[in-house]
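Residues per chain, in single letters:
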Amino acid sequence: MPHVSIGSPQGYTLVEVVVALSLSLLTVSVVYALYIQELKAQGVREHILDMQQQARVVVDLVTREILMAGYDPRGVNRDSDLTNDFEGITYDPQKLSIKADLNGNGVTGDANESIVFVYDASTHMLRRNTGGGNQPFGEDIEAFVIAYLDQAGNPTTNSKAIRQVRISVTARTSQPDPHYAKNGGYRTVTLHSRITMRNGQS
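Reference entry: report on the structure contained in this document. Source: prediction; values computed, not measured.

### A few points about the sheet that holds strand E1 (residues 89–90)
Taken in spatial order, the five strands line up as E1-E2-E3-E4-E5 in an open sheet, and their pairing is antiparallel. With one partner strand each, in any of the chains shown, E1 and strand E5 (134–139) form the two edges of the open sheet. Taken together, the two bridges between E1 and strand E2 (residues 95–99) define a ladder with antiparallel strand orientation. By the bridge assignment, threonine 90 is partnered in E2 with serine 97.

In structure tokens, the structure reads:
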């Protein structure tokens, strides 16, 4: 009966099998770790993208509202009747108040003609009130800063002198990133817009 050695080409030694299994497990572990790392990185990218989109939406809509401020097709702010006059932008450092006679009926009491933006720092929420209460408008907003400027671009507290509004919107990611050391793990983005009113104040 011929003798077959354990290390012959007809089979593998136990050491070879253990080494092969160890290398396979190591390879699988590395691939899995890279996969998990990529999933986390993808999640961070999605949060950043959502944050940037949220900031753009807020800036774009607020800009459009400001551009329509003071719209007065009936000329009620230029006639002799002072009872129906209105300010397109009313100075208030805590909120942004906008009025426009969108349907041209001479008053600003109809839907979406009197709009107030209020920032709630406790909930990181920008709210928009068109007469039916403060409705959520911008989520994960870390700051909403308003500056009122006159025709020359100087700060003013006089509603009648307001001709430009500068807004700064800082949005943050919806969830903190444990690998981001600043701001409690929340990444932020700040967008600025300086809007010149199309319609003059009364």
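### What about unusual backbone geometry?
Its identity is not glycine, yet asparagine 112 carries a phi of approximately 65°, on the positive side. Of note, asparagine 112 is situated in the loop between E2 and strand E3 (114–120). Although it is not a glycine, aspartate 140 adopts a positive phi angle of roughly 55°. Structurally, aspartate 140 can be placed in the loop between E5 and strand E6 (141–149).

### Section: the nonpolar core
Ile66, Ile89, Leu96, Phe117 and Val165 are the most contacted members of the largest nonpolar core, which has 29 residues in total. Of all the secondary-structure elements, those providing two or more residues to this core are helix H1 (14–68), E2, E3, E6, strand E7 (164–172) and strand E8 (188–196). Tallying contributions element by element places H1 first for this core, with eight residues.

### As for the sheet that holds E6
The strand order across the open sheet formed by three strands is E6-E7-E8, and the pairing between neighbours is antiparallel. Whereas interior strands pair on both sides, the edge strands pair on one side only; in this sheet they are E6 and E8. Across the sheet, the mean angle separating the axes of adjacent strands is 10° when strand polarity is ignored. Pairing of E7 with E8 involves nine bridges; the strand directions are antiparallel. Bridge pairing links isoleucine 167 to serine 193 in E8.

Quick notes on the rules
Residues numbered from 1 in each chain as written. Predicted model: local features only at pLDDT ≥ 70, side-chain atom pairs only at ≥ 80, totals over all residues. Heavy atoms only, no water. Pairing = 2+ DSSP bridges. Helix = DSSP H or I, 4+ residues; strand = E, 2+ residues; numbered from the N terminus. Core = buried A, V, L, I, M, F, W, Y, C linked by side-chain atoms within 4.5 Å. Buried < 20%, exposed > 50% of the residue type's maximum accessible area, 1.4 Å probe, protein only. Axes fitted to C-alpha atoms, helices over the stretch in contact; angles between N-to-C directions.

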